[in-house]
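Structural characterization, general
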Amino acid sequence: MELDDITITKAIVDDFSKTFIDYTEVDVALVGGGPANMVAATRLAQEGYKVALFEKKLALGGGMWGGGMMFPRIVVQDEARKILEEFDINHYEYDNEKGYYIANSIESVSRLINKTVTSGVQVFNLVNFEDVMIREDDHVTGIVINWAAVSIANLHVDPLTIRAKVVIDGTGHEAVVCNTVQRKIPNAKFEGVVGERPMWADAGEKSLKETTREVYPGLIVTGMAANAVAGAPRMGPVFGGMLLSGEMAAKIAMSKLD
């Protein structure tokens, strides 16, 4: 067949525009495409909720791609092994050390992305979070977005908005959504962002059970962002807590939506 360049352009712009318009109103908007948010988004989409995930970089995966110090391996503890199995991520127990499972970081991210997309999550990459929408009863009701390139180039271009019943901050160490709420609403009913403590895998992983929560009406925090908000330790290249935190964030979101 003979290819027409303009038809290709029309196909891309037309299809994306229709999708973008459809997803200006969603059940859940997740900011950040790391492992916690991918698990949360997948769980929500599997339950039939309308879910959009916004990632400022070209690819999803957060810090998982690099494994530990660019060795492409991650560790996942026994409690989260069920999620590795659900996402078809190959893994094996390390040298008879009970409960320590090794997985290839590249494969892990690839499998997470595949499951996220095929579950029905609509992913918008190269989109930067700029602000929150806060409306009735002091609730977070959506997010304000712009192209990541606009932010990188520091251009004065106005953003657009996405309405959401629930917003999940999975932006890692920066906890950008929570920081924005704290900065812009100083008198708000918000605990504030304490900042993460020094690395301590055991304490950091365990604390995620408490730090993954709704921190402001309509705003849930998960993954490393949860520990950063609460002042808990960072964890390093062990990712079981991240996966379990995403699962927990989805449950909290579903309880609000239901």
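Check the entry above for the structure.
Residues numbered from 1 in each chain as written. Predicted model: local features only at pLDDT ≥ 70, side-chain atom pairs only at ≥ 80, totals over all residues. Heavy atoms only, no water.

**Looking at the pattern of salt bridges**
The line we're drawing: Here, a salt bridge means any side-chain nitrogen of Lys or Arg that lies within 4 Å of a carboxyl oxygen of Asp or Glu. Helical segments are the DSSP runs of H or I of at least four residues, strand segments are the runs of E of at least two, and each set is numbered from the N terminus. We call a residue buried when its accessible area falls under 20% of the maximum for its residue type, exposed when it is over 50%, and partly exposed in between, using a 1.4 Å probe and counting protein chains only.
A complete count under the given rule lists 12 salt bridges for this structure. For the salt bridge of Lys18 with Asp14, the shortest nitrogen-to-oxygen distance reads 3.2 Å. Of the two residues, Lys18 and Asp14 are both situated in helix α1 (residues 5-22); the distance of 4 residues between them amounts to about one turn of the helix. For Asp14, a relative accessible area of 39% corresponds to the partly exposed category. As a salt-bridge pair, Asp131 and Lys184 come within 2.9 Å of each other at their nearest N and O atoms. Taken together, the residues Asp131 in strand β7 (residues 127-134) and Lys184 in helix α6 (residues 176-184) connect sequence positions 53 residues apart. On the accessibility criterion, Asp131 (18% relative accessible area) is buried.

**Focus: α6**
Note the following rule: Arc, as used here, means the arc of the directions from the helix axis to the C-beta atoms.
When we look at burial in α6, the residues that qualify are Val177, Cys178, Thr180 and Val181. Taken down its axis, α6 places every buried residue within 160 degrees of arc, on the same side.

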